[in-house]
Each structure stands twice: as structure tokens, then as C-alpha cells.
Amino acid sequence: MTELYFSSSQNPPRRLVVMGVSGCGKSSLGAALARELGLPLIEGDDFHPPENVSKMRAGIALTDADRAGWLDTLASTLAAHPQGAVLTCSALKRGYRERLRAAVPELRFVFMELSREEAERRVAGRGGHFFSATLVADQFATLESPVGEAGVLAVDATAPPAEQVSRARAWLDQEAAAGPAP
């Protein structure tokens, strides 16, 4: 299980999830934001139980029941970081996000928006990952867009990484100044 720690004493405590469909760039943006904010990075994929990984390798979509224990583990892992952390997690359904928010009420989400065609292209082109490209369609069918939910920023997943980080950092600073989400 991967938790990378970056040090910085200049940032207030904050916890956030970088979310979206497979191939959107969650891991890349999550790592960049963790470095920028001086927070630990929690790679959500590393917490999938072996049964989930086997299913995804075989091109079998996960069910809500498959994801339940995984989401509970991620929620407790986030809650165990009171000084802040960045989690990468698909968080495709509102119910999944609510499950994470129940453990960490002040949780913020950065939603990586990406077209299905681009996601399919990216997933098909990456090697060494357990997620089958055949599951991208299922992810889009499952996705309940978080746009409009409190504490959510949507970013263009095709924008340059520096732009994504800058936009997310500015939003997080604004959110911190505004206080807890309603």
C-alpha cells in the first residue's frame, strides 16, 4: 500500500480526493498536489483487495458490494491523517463520496473531467496496470458527476499538469479561507 509523504510546514491541514474515471490522471495530479501541499499521498488503487484486482484484470466491473470494504478502508485511512492527505480514488457515485465524507466531513474533491474516448485511449496505452480498458465504458455508465456538489472542483484532465495544480491550489486556498463546506 502506497503512502508517500511530502514535507512542508507552510500549509494548513487539508484532506482531499482526486477523483474521476480510470485514465483521467488521478495519480499524476494527486502526486503533484501532495508535493505542492506538503501532504501524504494515499494511492487508492493500492488498497483494493486481491479479489477486486482479479476481477478488474479479467475485465469484470466491480459492484457496489465489491467497493464497500475498499471505500471503508479509504475513509478510515483518510480519517487517520488529521494533518491532511491527498487520496486518489475514482469515487464515481455520490454514495461513494458521501461514504468518504462521513469519515472526513471537511473533505474536498478535485474531479478530473475527461471524455470517454480520451479515457479509452489513455487506458489502452498504459502498461503494467491491472485495470482493463474494456471497463472504461462501465466507469462512464457508473459515474454520477459531482459537478454542483459542495466542496468539489472540476478540472480539465487534458489541461497541462502545471495548470491543473495551479487551479486546484488556488481553489483549495479559497476553500480554506471560506471555512467548512455546508
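Coordinates for the structure precede this section.
Keep in mind the model is a prediction, meaning the values are calculated, not measured.

**Student:** Even after reading the chapter, I still don't get the overall build of the protein, so can you show me in this structure?
**Tutor:** If you tally the helices and strands in the protein, you get 7 helices and 6 strands. Listing the helices and strands of the protein from first to last along the sequence gives β-β-α-β-α-α-β-α-β-α-α-β-α. Here the protein, with 182 residues, has 49% of them falling under the buried criterion. Excluding contacts between residues fewer than 6 apart, the proportion of contacts in the protein whose partners are at least 24 apart in sequence is 79%.

**Student:** Would you take a moment to explain helix α2 (residues 50-57) for this structure?
**Tutor:** Think of an α-helix as 3.6 residues a turn; residues three or four steps apart then line up on the same face. Three or more residues of α2 are buried, namely Asn 52, Val 53 and Met 56. Down the axis, α2 shows its buried residues gathered within 100 degrees of arc, on one side only. Away from the buried face of α2 by more than 90 degrees, exposed residues Pro 50, Glu 51 and Arg 57 are located. Packed against the buried residues of α2 are α3 (64-79). After α2 finishes, the residue Gly 59 shows a positive phi value of roughly 80 degrees.

**Student:** So what exactly am I meant to see when it comes to the side chain of Thr 77 here?
**Tutor:** Along the chain, the position of Thr 77 falls in helix α3. Classification of Thr 77 by relative accessible area gives buried; the value is 12%. A distance of 2.8 Å separates the side chain of Thr 77 from the backbone oxygen of Thr 73, its partner in a polar contact.

**Student:** How do you make sense of unusual backbone geometry when you look at a structure like this?
**Tutor:** Most peptide bonds are trans, and most residues other than glycine sit at a negative phi. Here Ala 91, not a glycine, exhibits a phi torsion of approximately 45 degrees, which is positive. By the element assignment, Ala 91 lies in the loop between β4 (85-88) and α4 (94-103).

**Student:** Honestly, the environment of Ala 137 in this entry has me stumped. Any pointers?
**Tutor:** Here Ala 137 shows up in helix α6 (residues 136-142). Look at Ala 137 and you get partly exposed, because its relative accessible area is 25%. Considering only alpha carbons, one finds Ala 137 and Arg 116, 21 residues apart in sequence, at a separation of 7.3 Å.

**Student:** Quick question: what am I supposed to make of the side chain of Arg 101 here?
**Tutor:** Looking at the secondary structure, you find Arg 101 in helix α4. Residue class for Arg 101 comes out buried when judged on its relative accessible area of 12%. In terms of polar contacts, Arg 101 uses its side chain to reach the side chain of Glu 149, at 2.9 Å. When neighbours within four sequence positions are excluded, Arg 101 is seen to be in contact with Leu 107, Phe 109, Glu 149, Ala 150 and Val 152.

**Student:** Whenever I open this one, the nonpolar core confuses me. Can you help?
**Tutor:** If you look at soluble globular proteins, the nonpolar side chains tend to sit buried side by side. In this structure, Val 17, Cys 89 and Leu 100 are the most contacted members of the largest nonpolar core, which totals 48 residues. Among the elements that take part in this core, helix α1 (residues 26-37) stands out by supplying 6 residues, more than any other.

**Student:** How do you make sense of the environment of Thr 63 when you look at a structure like this?
**Tutor:** Here Thr 63 lies in the loop between α2 and α3. Thr 63 sits 79 residues away from Thr 142 along the chain, and the two C-alpha atoms are 9.9 Å apart.

**Student:** For this particular structure, what's the right way to read the pattern of salt bridges?
**Tutor:** Pairs can form between side chains of opposite charge whenever their charged atoms are close. All told, the structure shown has 16 salt bridges when counted by the stated rule. Here Lys 93 makes a salt bridge to Asp 64, at a shortest N to O gap of 3.0 Å. Placement of Lys 93 in the loop between β4 and α4 and of Asp 64 in helix α3 is noted, with a sequence separation of 29 residues between them. Residue classification places Asp 64 among the partly exposed positions, given a relative accessible area of 40%. Three or more residues are tied together by salt bridges with common partners; here these are Arg 94, Arg 97, Glu 98, Arg 101 and Glu 149.

**Student:** Any chance you could explain the pairing of β4 here in plain terms?
**Tutor:** Note on strand geometry: in a regular strand, side chains alternate between the two faces of the sheet. Burial of the side chains of β4 extends over both faces: Ala 85 and Leu 87 are buried on one face and Val 86 and Thr 88 on the other. Here strand β3 (residues 41-43) pairs with β4 via 3 bridges, running parallel. Residue pairing across strands places Leu 41 opposite Val 86, the latter belonging to β4.

What counts, and where the lines are drawn
Along each chain, residues carry numbers from 1 onward, in the same order as the chain's sequence is written. Only residues with pLDDT of at least 70 get local features here, since the model is predicted, and only at 80 or more are side-chain atom pairs given and counted; chain-wide, interface and lining totals rely on the full set of residues. As a convention, hydrogens and water are excluded, and side-chain values are obtained from all of the structure's heavy atoms. Numbered from the N terminus, helices here are DSSP runs of H or I no shorter than four residues, and strands are runs of E no shorter than two. Each residue's exposure class comes from its accessible area (1.4 Å probe, protein chains only) as a fraction of the maximum for that residue type: buried when under 20%, exposed when over 50%, partly exposed otherwise. Should any heavy atoms of two residues lie within 4.5 Å, those residues are considered in contact. Arc definition: directions from the helix axis to the C-beta atoms. By the criterion applied in these results, polar contacts are pairs of N or O atoms within 3.5 Å in which, for protein atoms, one can donate a hydrogen and the other can accept it, and in which residues neighboring in sequence qualify only through two side-chain atoms. Among buried residues, those of type Ala, Val, Leu, Ile, Met, Phe, Trp, Tyr and Cys that are joined through side-chain atoms within 4.5 Å constitute a nonpolar core. Note on definitions: salt bridges are taken to be side-chain nitrogens of Lys or Arg within 4 Å of carboxyl oxygens of Asp or Glu. Should DSSP find at least two bridges between two strands, the strands are taken to pair.

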